[in-house]
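So the chains spell out like this:
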Amino acid sequence: MDFSGHGLSSHRPAGSPYHFLDYVSDVRRVAAALQWRRFTLMGHSMGGCVAGMFCFLYPEMVDKLILLENLGFLLGPEDTEAWLKSKRMVIDRLLSLEAKQQTPKARSPEAALQRLLEANRHLTAEGGAILLQRGATETPAGLVYNRDMRVHMHSRESFTVEQCVKLLQKIQDRVLIIIAQDGLLVPHNLDSTNHFVKALWEAFESTLKQHIQLVEVPGSHFVHLNEPEVVSGIIGNFLTAKNTRARL
């Protein structure tokens with residue numbers, strides 16, 4: 001599904017910021033509209049954060065949870081001053097963006113794809129073309145990106161490592177996490193200051209390893225788009241296995 005402000009979904013009204021929990025509400029609204037009482041959720045990157053939060057809030061509605069290049073959380077600064085600075089930055093950037101009120105730029109299909117690839121080094125041209133099918137609209141002047149630029153300033157929900165572990169323990173035995181070897185979350189690719197993710201990795205090794213399927217595959221952050229065959233079999237086995245702790 002396309003979250004508000006993304007893809008083919010509507011933008012929020014002027015003056016209405018994007019909050020992370022609103023994306024979780026979007027999922028709940030879709031489930032209600034489709035009258036789904038229990039289902040499997042799969043999310044990539046930020047979508048994995050949304051899927052994880054939904055599962056933590058509505059565990060009775062989620063049969064299985066699949067996270068691609070995501071640990072189920074938005075990563076927040078541990079330092080208090082850094083946390084305050086990040087919140088202030090969200091507000092300031094949002095107000096600055098609204099003040100500019102720029103008309104979306106139209107690009108040729110080739111230029112739109114090139115710009116997308118430049119902003120996402122893990123994407124292949126084929127994967128980028130797939131994203132543009134829902135991520136851009138054709139106009140007489142060319143392709144215009146659909147994303148509301150304000151989504152870059154959404155308000156995050158951050159947790160401590162202890163909270164993360166407790167939340168994952170609540171839904172253990174029905175979670176599959178797929179991490180790409182050249183993605184954004186493998187330990188050797190992490191910035192030296194990213195203590196949060198490293199601490200969570202340690203928790204996986206010490207506390208959660210026996211209860212959560214954690215699989216590392218070759219590929220980059222968009223491995224599911226670039227090389228879907230790398231993850232399709234793993235996901236298929238997880239979905240069909242009666243015992244989610246069965247060996248993948």
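Heads up: the structure comes first, above all this text.
Residues numbered from 1 in each chain as written. Predicted model: local features only at pLDDT ≥ 70, side-chain atom pairs only at ≥ 80, totals over all residues. Heavy atoms only, no water.

**Things to note about the overall build of the chain**
Looking only at helices and strands, the chain features nine helices and seven strands. Every one of the 248 residues in the chain was classed for burial, and the buried ones make up 41%. When contacts within the chain are restricted to residue pairs at least 6 apart in sequence, long-range pairs at least 24 apart make up 69% of them. In the form shown here, the chain has an accessible surface area of approximately 14200 Å², with 52% of it arising from carbon and sulfur atoms. (Helix = DSSP H or I, 4+ residues; strand = E, 2+ residues; numbered from the N terminus. Buried < 20%, exposed > 50% of the residue type's maximum accessible area, 1.4 Å probe, protein only. Contact = heavy atoms within 4.5 Å. Areas by Shrake-Rupley, 256 points an atom, 1.4 Å probe, with all protein chains shown as cover.)

**Details of the sheet that holds strand 7 (residues 213–217)**
Ordered in space as 1-2-6-7, the four strands form an open sheet in which the pairing is parallel. Each of the sheet's edge strands pairs with one partner strand only, and the pair in question is strand 1 (39–44) and strand 7. In this sheet, adjacent strand axes meet at a mean angle of 15 degrees when their direction is disregarded. Relative to strand 6 (residues 175–180), strand 2 (residues 62–68) runs parallel, the two being bridged by four bridges. Counterpart to Leu-67 in the pairing with strand 6 is Ile-177. (Pairing = 2+ DSSP bridges. Axes fitted to C-alpha atoms, helices over the stretch in contact; angles between N-to-C directions.)

**Section: the packing of aromatic side chains**
To describe a pair of aromatic rings, you give the distance between the ring centres and the angle between the ring planes. Inspection of every chain in the model, using the stated rule, returns five aromatic pairs. With 5.7 Å between their ring centres and 50 degrees between their planes, Trp-36 and Phe-39 make a pair best called tilted. Here Trp-36 falls in the partly exposed class, since its relative accessible area comes to 45%. Through a chain of ring-to-ring contacts, three or more aromatic side chains come together here, namely Trp-36, Phe-39, Phe-54 and Tyr-58. Here the basic side chain of Arg-28 rests over the ring of Tyr-58, its NZ or CZ set 5.3 Å away from the ring centre. Just above the ring of Phe-238 sits the side chain of Lys-64; from NZ or CZ to the centre is 5.1 Å. (Phe/Tyr/Trp six-rings, centres within 6.5 Å; stacked < 30°, edge-to-face > 60°. Lys NZ or Arg CZ within 6 Å of the ring centre and 35° of its normal.)

**A few points about the packing of helix 4 (residues 109–119) against helix 5 (residues 125–135)**
Interhelical geometry of helix 4 versus helix 5 gives an angle of 110 degrees and a closest axis separation of 10 Å. Taken together, the axes of helix 4 and helix 5 lie roughly perpendicular to each other. Between helix 4 and helix 5 lies a crossing of right-handed hand. Listed contacts from helix 5 to Ala-112, Leu-113, Leu-116 and Leu-117 of helix 4 are Ala-125, Gly-128, Ala-129, Leu-131 and Leu-132. Classifying every residue of the contact of helix 4 with helix 5 by side-chain character gives eight nonpolar, one polar and no charged. (Parallel < 35°, antiparallel > 145°, perpendicular 65-115°, else oblique. Left-handed = near helix turned anticlockwise from the far one by under 90°. Nonpolar A, V, L, I, M, F, W, Y, C, P; charged D, E, K, R; others polar.)

**Some points on the side chain of Glu-69**
Tracing the chain through its elements places Glu-69 in the loop between strand 2 and helix 3 (80–100). Buried and unpaired, Glu-69 has Arg-121 as its nearest opposite-charge partner, separated by 8.8 Å. In terms of polar contacts, Glu-69 uses its side chain to reach the backbone amide nitrogen of Leu-184, at 2.8 Å. Here His-221 takes part through its side chain, which lies 2.8 Å from a polar atom of the side chain of Glu-69. Setting aside residues no more than four positions away along its own chain, Glu-69 makes contact with His-44, Ser-45, Ile-178, Ile-179, Ala-180, Gly-183, Leu-184, Leu-185 and His-221. (Lys, Arg positive; Asp, Glu negative; His and termini not counted. Salt bridge = Lys/Arg side-chain N within 4 Å of Asp/Glu carboxyl O. Polar contact = N/O pair within 3.5 Å; in protein donor to acceptor, adjacent residues only side chain to side chain.)

**Things to note about the pattern of salt bridges**
Under the counting rule described, the total for this entry stands at five salt bridges. In this structure, Arg-38 and Asp-63 form a salt bridge, with 3.8 Å as the shortest nitrogen-oxygen distance. Placement of the pair is Arg-38 in the loop between helix 1 (20–34) and strand 1 and Asp-63 in strand 2, with a sequence separation of 25 residues. Taking the relative accessible area as the measure of exposure, Arg-38 reaches 46% and is therefore partly exposed. Arg-88 is paired through a salt bridge with Asp-92; the nearest N and O atoms lie 3.5 Å apart. Placement of the pair is Arg-88 and Asp-92 together in helix 3, with a separation of four residues, close to one helical turn.

**Thoughts on unusual backbone geometry**
Positive phi values are uncommon outside glycine, yet Gln-35 reaches one of about 60 degrees. Within the secondary structure, Gln-35 sits in the loop between helix 1 and strand 1. Even without being a glycine, Ser-45 presents a positive backbone phi close to 55 degrees. Relative to the helices and strands, Ser-45 is located in the loop between strand 1 and helix 2 (46–57).

**Things to note about a nonpolar patch on the surface**
A cluster of nonpolar side chains, Met-1, Val-30, Leu-34 and Trp-36, forms an exposed patch at the surface whose accessible area comes to about 400 Å². Looking at the secondary structure, you find Trp-36 in the loop between helix 1 and strand 1. (Patch = residues over 30% accessible without salt bridge, like charges linked within 9 Å, V, L, I, M, F, W, Y side chains within 5 Å.)

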